[in-house]
Amino acid sequence: GAVVSQHPSWVICKSGTSVKIECRSLDFQATTMFWYRQFPKQSLMLMATSNEGSKATYEQGVEKDKFLINHASLTLSTLTVTSAHPEDSSFYICSARRGPINSPLHFGNGTRLTVT
Amino acid sequence: AQKVTQAQTEISVVEKEDVTLDCVYETRDTTYYLFWYKQPPSGELVFLIRRNSFDEQNEISGRYSWNFQKSTSSFNFTITASQVVDSAVYFCALSGGDSNYQLIWGAGTKLIIKP
């Protein structure tokens, strides 16, 4: 089946530093990947749609300069949290579709970011 | 507008009991898709099922079954003979043209199976 790999699984960083999270589709090409954020005991919040070879599409209220997304190839998208602050601490999950637009999303294992 | 409601925030049952998780949706689309995902404590989201709006046939997969009723805009999920490993948060989601096929998520239902 489709596999999406996300790295790292967890990261602790100091306030003011930047953190990069990688999302790879291991056995299929993904022209579009999605980045979600999940607060404790809450549902998933779509942050942005990552498009291979073009700029990401951000959801309303998500700072594009804060959360940099790069989709450099058909199998890799990265999310960089720049100048992280404690309020950026959260669970970040990437996903990708294998197939047409109505196909189910396949998710990475998520990255738990803690900013101290 | 599209919306997914999972009214049950948390359900707790004893192992081997049957349990049903409710999902009610709203959409103006005539063609849409409904999904269920499982999120165990480890955090990853596991795809369970996709159902399109033209297929109201109920589905059974082992101990899991889904009941799709367009008349009541519901897509309920039943686990029979529950096991401790079923403990997780379960999300119902909807996608359709009205949302450009982005997933509209329910709030999730936390299922606790006690031994």
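See the structure above.
The text that follows walks through the structure, step by step, so that each part is easy to find.

The rules behind each value
- Here the residue numbering is sequential within each chain, running from 1 through the sequence in written order.
- Whichever chain is written first becomes A and whichever ligand is written first becomes 1, with later ones labelled in order.
- The predicted origin of the model limits local features to residues at a pLDDT of at least 70 and limits the giving and counting of side-chain atom pairs to 80 or more, whereas totals for whole chains, interfaces and linings rest on all residues.
- The side-chain numbers reported here are obtained from all heavy atoms of the structure, hydrogens and water having been left aside.
- The criterion used for residue contact is that any of the two residues' heavy atoms lie within 4.5 Å.
- Here's the idea: put two parts together, see how much 1.4 Å probe accessible area each one loses, and the total over both is what we call buried area.
- In what follows, salt bridge is the name for a side-chain nitrogen of Lys or Arg lying within 4 Å of a carboxyl oxygen of Asp or Glu.
- Secondary structure elements follow DSSP: runs of H or I of four or more residues count as helices, runs of E of two or more count as strands, with numbering from the N terminus.
- Three labels apply to residues, based on accessible area from a 1.4 Å probe with only protein chains included: buried if under 20% of the type maximum, exposed if over 50%, partly exposed otherwise in between.
- Should DSSP find at least two bridges between two strands, the strands are taken to pair.
- What we call a nonpolar core is a set of buried Ala, Val, Leu, Ile, Met, Phe, Trp, Tyr and Cys residues that are connected through their side-chain atoms within 4.5 Å.
- Axis lines are fitted through C-alpha atoms, for helices just across the contact stretch, and the angle between N-to-C directions can take any value from 0 to 180 degrees.
- The disulfide criterion used throughout: a pair of cysteine sulfur atoms within 2.5 Å.

### Quick look at the interface of chain A and chain B
Alright, step 1. The interface of chain A with chain B comprises 19 residues on the first partner and 17 residues on the second.
Alright, step 2. For the pair chain A and chain B, the summed buried surface comes to about 1500 Å²; carbon and sulfur atoms form 57% of the total.
Alright, step 3. Here chain A is connected to chain B by zero salt bridges.
Alright, step 4. Those elements that place two or more of their residues in the side of chain A that touches chain B are strand 4 (32-38), strand 5 (44-51), strand 9 (90-97) and strand 10 (105-107) of chain A.

### Some thoughts on the side chain of Thr-109 of chain B
Alright, step 1. Among the secondary structure elements, Thr-109 of chain B is positioned in strand 12 (residues 109-114).
Alright, step 2. Excluding anything up to four places from it in sequence, Thr-109 of chain B contacts Gln-6, Gln-8, Thr-9, Ile-11, Leu-21, Ala-88, Val-89 and Tyr-90 of chain B.

### What to know about the pairing of strand 12 of chain B
Residue and element names in this part refer to chain B.
Alright, step 1. Here strand 12 shows one buried face, formed by Thr-109, Leu-111 and Ile-113, and one open face, formed by Lys-110, Ile-112 and Lys-114.
Alright, step 2. Pairing of strand 2 (residues 10-14) with strand 12, which is carried by five bridges, proceeds in the parallel orientation. Note on strand 12: the bridge partner recorded for Val-14 is Lys-114.
Alright, step 3. As paired elements, strand 10 (residues 88-96) and strand 12 share three bridges and run antiparallel to each other. Note that in strand 12 the partner of Ala-88 across the bridge is Leu-111.

### Brief notes about the nonpolar core
Most often, soluble globular proteins keep nonpolar side chains buried together rather than apart.
Alright, step 1. Core analysis: the biggest nonpolar cluster contains 24 residues, and Trp-35, Phe-67, Leu-79, Tyr-92 and Leu-113 of chain A have the highest contact counts within it.
Alright, step 2. If near-sequence neighbours (up to four positions away) are discounted, Tyr-92 of chain A is found in contact with Gln-6, Ile-21, Tyr-36, Arg-37, Met-47, Phe-67, Leu-79, Gly-110, Thr-111 and Leu-113 of chain A.

### Here's the deal with the sheet that holds strand 1 (residues 4-7) of chain A
All names here are of chain A.
Alright, step 1. Taken together, four strands build an open sheet; the order of strands is 1-3-8-7 and the sheet is antiparallel. Among the strands making up the open sheet, the edge pair consists of strand 1 and strand 7 (67-73). The sheet shows a mean angle of 15 degrees between the axes of neighbouring strands, taken without regard to direction.
Alright, step 2. Note that strand 1 and strand 3 (residues 19-25) share four bridges and pair antiparallel. Its bridge partner lying in strand 3, Val-4 is registered against Ser-25.

### Description of the state of the cysteines
Alright, step 1. The full count for this structure, using the stated rule, is two disulfides over all chains.
Alright, step 2. Across a sulfur-sulfur distance of 2.0 Å, Cys-23 of chain A and Cys-94 of chain A are joined as a disulfide pair. Measuring the twist about the S-S bond at about 80 degrees, one finds the Cys-23 of chain A-Cys-94 of chain A disulfide to be right-handed. Of this pair, Cys-23 of chain A sits in strand 3 while Cys-94 of chain A sits in strand 9, and the two are 71 residues apart along the sequence. Pair check on accessibility: Cys-23 of chain A and Cys-94 of chain A agree, each one buried.
Alright, step 3. Each sulfur in the disulfide pair Cys-23 of chain B and Cys-92 of chain B lies 2.0 Å from the other. Handedness here is read from the sign of the S-S torsion; for Cys-23 of chain B and Cys-92 of chain B, about -65 degrees, the answer is left-handed.

### With respect to the environment of Ile-93 of chain A
Alright, step 1. If you trace the backbone, Ile-93 of chain A turns up in strand 9.
Alright, step 2. If sequence neighbours within four positions are ignored, Ile-93 of chain A has contacts with Gln-6, Phe-34, Trp-35, Tyr-36, Gln-38, Leu-44, Phe-107, Gly-108 and Gly-110 of chain A together with Gln-39 and Leu-45 of chain B.

### So, unusual backbone geometry
It is generally the case that most residues other than glycine have a negative phi and that most peptide bonds are trans.
Alright, step 1. Pro-8 of chain A follows His-7 of chain A through a cis peptide bond whose omega is 0 degrees.
Alright, step 2. With respect to the secondary-structure elements, Pro-8 of chain A resides in the loop between strand 1 and strand 2 (10-13).
Alright, step 3. Of note, the phi angle at Lys-16 of chain B is positive, near 85 degrees, even though the residue is not glycine.
Alright, step 4. Assignment of secondary structure puts Lys-16 of chain B in the loop between strand 2 and strand 3 (19-21).
Alright, step 5. For Lys-16 of chain B, a relative accessible area of 68% puts it in the exposed group.
Alright, step 6. One non-glycine residue, Ser-73 of chain B, adopts positive backbone phi at about 50 degrees.

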